[in-house]
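Examination of the molecular architecture
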Amino acid sequence: MPSQPLSRVLVLEAAIRVADRGGAEAITMRRVAQELGVEAMSLYHHVPNKDAILDGVVDMVFAAIELPGAGCDDWRDAIRTRAVSARAVLSQHSWALGLMDSRRDPGPATLRHHDAVLGVLREAGFTLPMAAHAVSLIDSYVSGFVLQEANLPMATPDDVEDVAGDILRQLPEKELPYLAEMIRDHALRPGYDHTSEFGYGLDLILDALEARRSAQRAGESG
C-alpha cells in the first residue's frame, strides 16, 4: 500500500520514475500502479488515461525548469539561465525530449514557461518573428545537446581520456591528420571537459541574436 493517500501528483511522480528507468514508452497504467504498489484501477480516480499521464509528466518537467526572470537588465542573462536549467532538467529526464513538443493539451506550467520566455524576448525589443526564431533556435540547441550527451559513450573527463585515447592509438594519423590533431591537442589536453561546449555554443547563439536585435532596432530608429 502507498505510504500516503494516492493523488494526481503522486501518480505523475511515479510515472516520471518509471520513465527515468525505461523511457517514455515504459509509462503504462500498469507499470505506474506497480511503482506505487496499488492496483491499476485505482489510478483512474486521479488520471483518466495514459494520455493524461503523459500530459502531466511533461507539465511537471516544464515546471522544474527555471523561468527566465522578468525585468532582467540583460535578456541574454535571463535566457542563458533558463537554457542552463533546461539542460540540467532534461539531462535527468532525456526521455521527455520526444514528448515536450508533441502533446496537444499543454498544462499550466508549460504555458507559463513559454509565455515567460517570449515575454523576455519581446520586452527586450525582439519583433514577434525574431522572438519565434530565437525560441526555435535555442530550444533546438538545448534539445540537441542533451540528446547528444545522452548518447555519448563518455560522461566524465576520465571517460573522455579513455575513449579518445583508444581511438588515437588506432588512428592512422597520416591519413587523418586533422582528426588526430583534434584528439591529441584538444580532447586529451589536461582539464578538457566536453560539457563546457554547451556554454560556448549557447553564447554564440545569444551573441548572434543580440546582433540581429540591435540591427533591427537601429534600422527602426534610422
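Now for a description of the structure that goes with this document. (Residues numbered from 1 in each chain as written. Predicted model: local features only at pLDDT ≥ 70, side-chain atom pairs only at ≥ 80, totals over all residues. Heavy atoms only, no water.)

Overview of the pattern of salt bridges
Overall, the coordinates contain 14 salt bridges when judged by the stated rule. The partner of Arg-17 in a salt bridge is Glu-35, and the shortest N-O contact between them spans 2.9 Å. You can see Arg-17 sitting in helix α1 (residues 8-22) and its partner Glu-35 sitting in helix α2 (residues 29-36), a full 18 residues away along the chain. Arg-17 gets classed as partly exposed once you look at its relative accessible area, which sits at 35%. The salt bridge involving Arg-184 is made with Glu-173; its shortest N-O contact spans 2.8 Å. Of the two residues, Arg-184 sits in helix α9 (residues 177-187) while Glu-173 sits in the loop between α8 (157-170) and α9, which places them eleven residues apart along the sequence. With a relative accessible area of 37%, Arg-184 lands in the partly exposed category. A residue is classified by how much of its surface remains accessible, and Glu-173, at 36% relative accessible area, is partly exposed. Through salt bridges with shared partners, a single ionic network connects Arg-17, Arg-21 and Glu-35. (Salt bridge = Lys/Arg side-chain N within 4 Å of Asp/Glu carboxyl O. Helix = DSSP H or I, 4+ residues; strand = E, 2+ residues; numbered from the N terminus. Buried < 20%, exposed > 50% of the residue type's maximum accessible area, 1.4 Å probe, protein only.)

Some words on the packing of aromatic side chains
A full pass over the atoms with the stated rule returns four aromatic pairs. Residues Tyr-141 and Phe-198 carry aromatic rings whose centres are separated by 5.4 Å and whose planes lie at 20° to one another, so their mutual orientation is stacked. Here Tyr-141, found in helix α7 (residues 128-151), pairs with Phe-198, found in helix α10 (residues 197-221); they are 57 residues apart in sequence, far enough to count as distant. Assessed through its relative accessible area of 18%, Tyr-141 is described here as buried. With 5.2 Å between their ring centres and 70° between their planes, Phe-145 and Phe-198 make a pair best called edge-to-face. Placement of the pair is Phe-145 in helix α7 and Phe-198 in helix α10, with a sequence separation of 53 residues. With respect to class, Phe-145 is no different from Phe-198; both count as buried. Taken together through their ring pairs, the aromatic side chains of Tyr-141, Phe-145 and Phe-198 make up a single cluster. (Phe/Tyr/Trp six-rings, centres within 6.5 Å; stacked < 30°, edge-to-face > 60°.)

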